[in-house]
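An overview of the molecular structure
Each chain, written out:
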Amino acid sequence: MTFLIILFLIFLGILLLLLEFAVIPGITIAGIGGVVLFGISIYLAFDTYGTIPGILTLAFIIIVSPLLIYRFFKGRTGKKMVLESEITGKVIEVDGTLIHEGDEGVTVGRLAPMGKVRVNGEIIEAKSISGFVDPNVKIKVIEVIKTHVIIEPINQ
């Protein structure tokens, strides 16, 4: 009977660790409970059956339990729980050969304070040093940065 209790405690400990890793990540009661159940099952094996079965139980918990958890997350069910998305976007860089400091252009949309401007036929991301700029306002490039330009509106 004690043998079944030890197996049940090991099974329940693995279940609690899976719950910890998959559903409620972090150090919570499920993870601590799983480790405690492992400890109780090892204690029962040593106390009831002696040294050799106790060492076998300990070896089973140390070797087989991590393998079962690993196989769970590599299996079909585990793959559904793991985030495997990939970011494919990239930053559009300003072509330094086309746009220079002092070039003039026009705002495509409202800059609040970031937005799109058209300079030398290119539509690029821009940042206004004077705050908000309305659409279709003439602007001047103050500085060219790798990912955007700094602009100021031209007072007419």
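Further up the page is the structure itself.
A look at the overall build of the protein chain
Counting its regular elements, the protein chain contains 4 helices and 5 strands. N-terminal to C-terminal, the α/β element order of the protein chain is α-α-α-α-β-β-β-β-β. Taking 2.2 N^0.38 as the reference for a compact globule, 156 residues should give roughly 15 Å; the C-alpha atoms of the protein chain span a radius of gyration of 32 Å, well beyond that estimate. With respect to the principal axes defined by its C-alpha atoms, the protein chain has extents near 95 × 25 × 25 Å. Looking at the 156 residues of the protein chain, the share that counts as buried comes to 27%. Long-range pairs, those at least 24 residues apart, make up 44% of the contacts in the protein chain with a sequence separation of at least 6.

Topic: the sheet that holds strand β4 (residues 138-144)
Sheets are built from strands that pair by backbone hydrogen bonding, the pairs being arranged parallel or antiparallel. In spatial order, the strands read β1-β2-β3-β5-β4; together these 5 strands close into a barrel with mixed pairing. Here the strands of the sheet are splayed against their neighbours by 55° on average, with no regard to which way each runs. Two elements, β4 and strand β5 (residues 149-153), share 5 bridges in a ladder whose sense is antiparallel. Residue Lys140 lies in a different strand from β5, and its bridge partner there is Glu152.

Examining a nonpolar patch on the surface
A cluster of nonpolar side chains, Met1, Phe3, Leu4, Ile5, Leu7 and Tyr49, forms an exposed patch at the surface whose accessible area comes to about 660 Å². The leading source of residues in the nonpolar patch is helix α1 (residues 2-22), at 4 residues. Topologically, Leu7 is positioned in helix α1. Of the residues examined, Leu7 reaches a relative accessible area of 41% and is grouped as partly exposed.

Some details on the side chain of Ser41
The topology assignment puts Ser41 in helix α2 (residues 29-49). Ignoring sequence-local partners within four residues, the contact set of Ser41 consists of Ile6, Leu9, Ile10, Thr57 and Ile61.

Description of the pattern of salt bridges
Under the definition given, this model contains 2 salt bridges. Measuring nitrogen to oxygen at the nearest pair gives 4.0 Å for the salt bridge that ties Lys146 to Glu93. With Lys146 in the loop between β4 and β5 and Glu93 in the loop between α4 (76-81) and β1 (104-107), the pair connects residues that are 53 residues apart, well separated along the chain. There is no split in this pair, since Lys146 and Glu93 are both exposed. The partner of Lys116 in a salt bridge is Glu125, with the nearest N and O atoms 3.5 Å apart. Among the residues examined, Lys116 registers a relative accessible area of 41% and is labelled partly exposed.

Here we look at the nonpolar core
Membership of the largest hydrophobic core is limited to 12 residues, which are Val94, Ile99, Leu111, Val117, Val119, Ile124, Ala126, Val133, Ile139, Val141, Val149 and Ile151. Of all the secondary structure elements, the ones that give two or more residues to this core are β2 (114-119), β3 (122-128), β4 and β5. Excluding residues that lie within four positions of it along the chain, Val117 makes contacts with Val106, Thr107, Val108, Leu111, Glu122, Ile123, Ile124, Ala126, Ile139 and Val149. Counting 10 residues, the second largest nonpolar core, distinct from the first, contains Ile14, Leu17, Ile42 and Ala45.

What counts and how
Throughout this description, residue numbers start from 1 for each chain and increase along the sequence as written. Given that the model is predicted, a residue must reach a pLDDT of at least 70 before its local features are reported, and side-chain atom pairs must reach 80 or more before they are shown or counted; all residues, however, enter totals for whole chains, interfaces and linings. Note: side-chain values were computed over all heavy atoms of the structure, leaving out hydrogens and water. By the criteria applied, helices consist of DSSP H or I runs no shorter than four residues and strands consist of E runs no shorter than two, each listed in order from the N terminus. Computation of the radius of gyration draws on C-alpha atoms, with the globule rule given as 2.2 Å multiplied by the number of residues to the power 0.38. For the exposure calls, accessible area comes from a 1.4 Å probe over protein chains only, and a residue counts as buried if that area is under 20% of its type's maximum, exposed if over 50%, partly exposed in between. Whether two residues are in contact is decided by their heavy atoms: any pair within 4.5 Å suffices. Here the rule is simple: two strands pair whenever DSSP picks up at least two bridges between them. Fitted lines through C-alpha atoms serve as axes, helices being fitted only where they are in contact, and the angles separating the N-to-C directions of these axes extend from 0 to 180 degrees. Patch criteria: residues need more than 30% relative accessible area and no salt bridge. Like-charged residues are merged within 9 Å; nonpolar side chains of Val, Leu, Ile, Met, Phe, Trp and Tyr are merged within 5 Å. To be clear on the numbers: accessible area is Shrake-Rupley with a 1.4 Å probe, and residue cover counts the displayed protein chains and nothing else. Here, a salt bridge means any Lys or Arg side-chain nitrogen found within 4 Å of an Asp or Glu carboxyl oxygen. In these notes, a set of buried Ala, Val, Leu, Ile, Met, Phe, Trp, Tyr and Cys residues joined through side-chain atoms within 4.5 Å is what counts as a nonpolar core.

All quantities given are derived from atomic positions and should not be read as evidence of function.
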